[in-house]
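Listed here are the chains, written in short residue letters.
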Amino acid sequence: MNDREAEVLSLRVRWALAELGFEEIATGAEGVHLIEHARGVMIGWIPRNITPLRRRVPRRDRTTEPDLPGLRRPFGLALAAALRGAGFAVETRGDEWLLVLDTHPDLP
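Cut-offs used in this document
Residues numbered from 1 in each chain as written. Predicted model: local features only at pLDDT ≥ 70, side-chain atom pairs only at ≥ 80, totals over all residues. Heavy atoms only, no water. Pairing = 2+ DSSP bridges. Helix = DSSP H or I, 4+ residues; strand = E, 2+ residues; numbered from the N terminus. Axes fitted to C-alpha atoms, helices over the stretch in contact; angles between N-to-C directions. Buried < 20%, exposed > 50% of the residue type's maximum accessible area, 1.4 Å probe, protein only. Contact = heavy atoms within 4.5 Å. Salt bridge = Lys/Arg side-chain N within 4 Å of Asp/Glu carboxyl O. Core = buried A, V, L, I, M, F, W, Y, C linked by side-chain atoms within 4.5 Å. Phe/Tyr/Trp six-rings, centres within 6.5 Å; stacked < 30°, edge-to-face > 60°.

1. With respect to the sheet that holds strand β2 (residues 41-46)
Turning to step 1, where the next piece is worked out: Taken in spatial order, the four strands make up an open sheet running β1-β2-β4-β3, and their pairing is antiparallel. The strands lining the two open edges of the sheet, one partner per strand, are β1 (31-36) and β3 (89-93). Between one strand axis and the next, the sheet turns through 25 degrees on average, direction left out of account.
Turning to step 2, where the next piece is worked out: Relative to strand β4 (residues 97-101), β3 runs antiparallel, the two sharing five bridges. Within the sheet, the bridge partner assigned to Glu91 lies in β4 and is Leu99.

2. Description of the environment of Leu101
Turning to step 1, where the next piece is worked out: Mapping Leu101 onto the fold places it in strand β4.
Turning to step 2, where the next piece is worked out: Take Leu101: its relative accessible area is 12%, and that puts it in the buried class.
Turning to step 3, where the next piece is worked out: The spacing of Leu101 and Ala89 is 12 residues in sequence and 5.0 Å in space, taken between C-alpha atoms.
Turning to step 4, where the next piece is worked out: If near-sequence neighbours (up to four positions away) are discounted, Leu101 is found in contact with Leu9, Arg39, Gly40, Phe88, Ala89 and Glu91.

3. A short note on the side chain of Ser10
Turning to step 1, where the next piece is worked out: With respect to the element layout, Ser10 can be found in helix α1 (residues 3-19).
Turning to step 2, where the next piece is worked out: The class for Ser10 is buried, based on a relative accessible area of 4%.
Turning to step 3, where the next piece is worked out: Those residues in contact with Ser10 that sit more than four places away from it in its chain are Glu36 and Val41.

4. Focus on the pattern of salt bridges
Turning to step 1, where the next piece is worked out: Scanning the entire structure with this criterion turns up three salt bridges.
Turning to step 2, where the next piece is worked out: For Arg12, the salt bridge is made with Asp102, and the minimal N-O distance between the two is 2.6 Å. With Arg12 in helix α1 and Asp102 in the segment after β4, this residue pair connects regions lying 90 residues apart in the sequence.
Turning to step 3, where the next piece is worked out: By relative accessible area, which is 17% here, Arg12 ends up buried.
Turning to step 4, where the next piece is worked out: We classify Asp102 as buried; its relative accessible area is 18%.

5. Some points on the nonpolar core
Turning to step 1, where the next piece is worked out: With 17 residues, the main nonpolar core has Val13, Leu17, Ile43 and Leu83 as its most contacted residues.
Turning to step 2, where the next piece is worked out: When contributions to this core are tallied by element, the ones reaching two or more residues are α1, β1, β2, α2 (68-85) and β4.
Turning to step 3, where the next piece is worked out: Apart from the residues within four sequence positions on either side, Leu83 is in contact with Ala16, Leu17, Leu20, Ile43, Phe88, Val90 and Val100.

6. Some details on the packing of aromatic side chains
For any pair of aromatic rings, geometry is given as the distance between the ring centres together with the angle between the planes.
Turning to step 1, where the next piece is worked out: Taken as a whole, this structure holds two aromatic pairs when the rule is applied.
Turning to step 2, where the next piece is worked out: Between Phe22 and Phe75, the aromatic rings sit 5.6 Å apart at their centres with planes inclined by 90 degrees, giving edge-to-face as the arrangement. With Phe22 in the loop between α1 and β1 and Phe75 in helix α2, this pair connects stretches of sequence that are 53 residues apart.
Turning to step 3, where the next piece is worked out: A residue is classified by how much of its surface remains accessible, and Phe22, at 28% relative accessible area, is partly exposed.
Turning to step 4, where the next piece is worked out: Classification of Phe75 by relative accessible area gives buried; the value is 17%.
Turning to step 5, where the next piece is worked out: These aromatic residues form a ring-pair network of at least three members: Phe22, Trp45 and Phe75.

Below, the structure written as structure tokens:
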């Protein structure tokens, strides 16, 4: 993929994410992150801290750390399905990243 193709793909992925209600977040912040990759665009997600809603859990057992694998997997599956529906090919990269590939590299 040349630089122009990578730029176009990156813009198309950002547009698709915006249409899905997501916006790219600054590096180090919580939210959706995009990284250019030699084959496409990598998408990752850093969720906000979540506090438990259950009041019956003793205070010392409460945690503010989210169940990241429990959140990342459904988020990744939903996002991958939405991006596939938008016409992209999507490969999973572990539980934390999606690799979005261009199925129409000839589009402007």
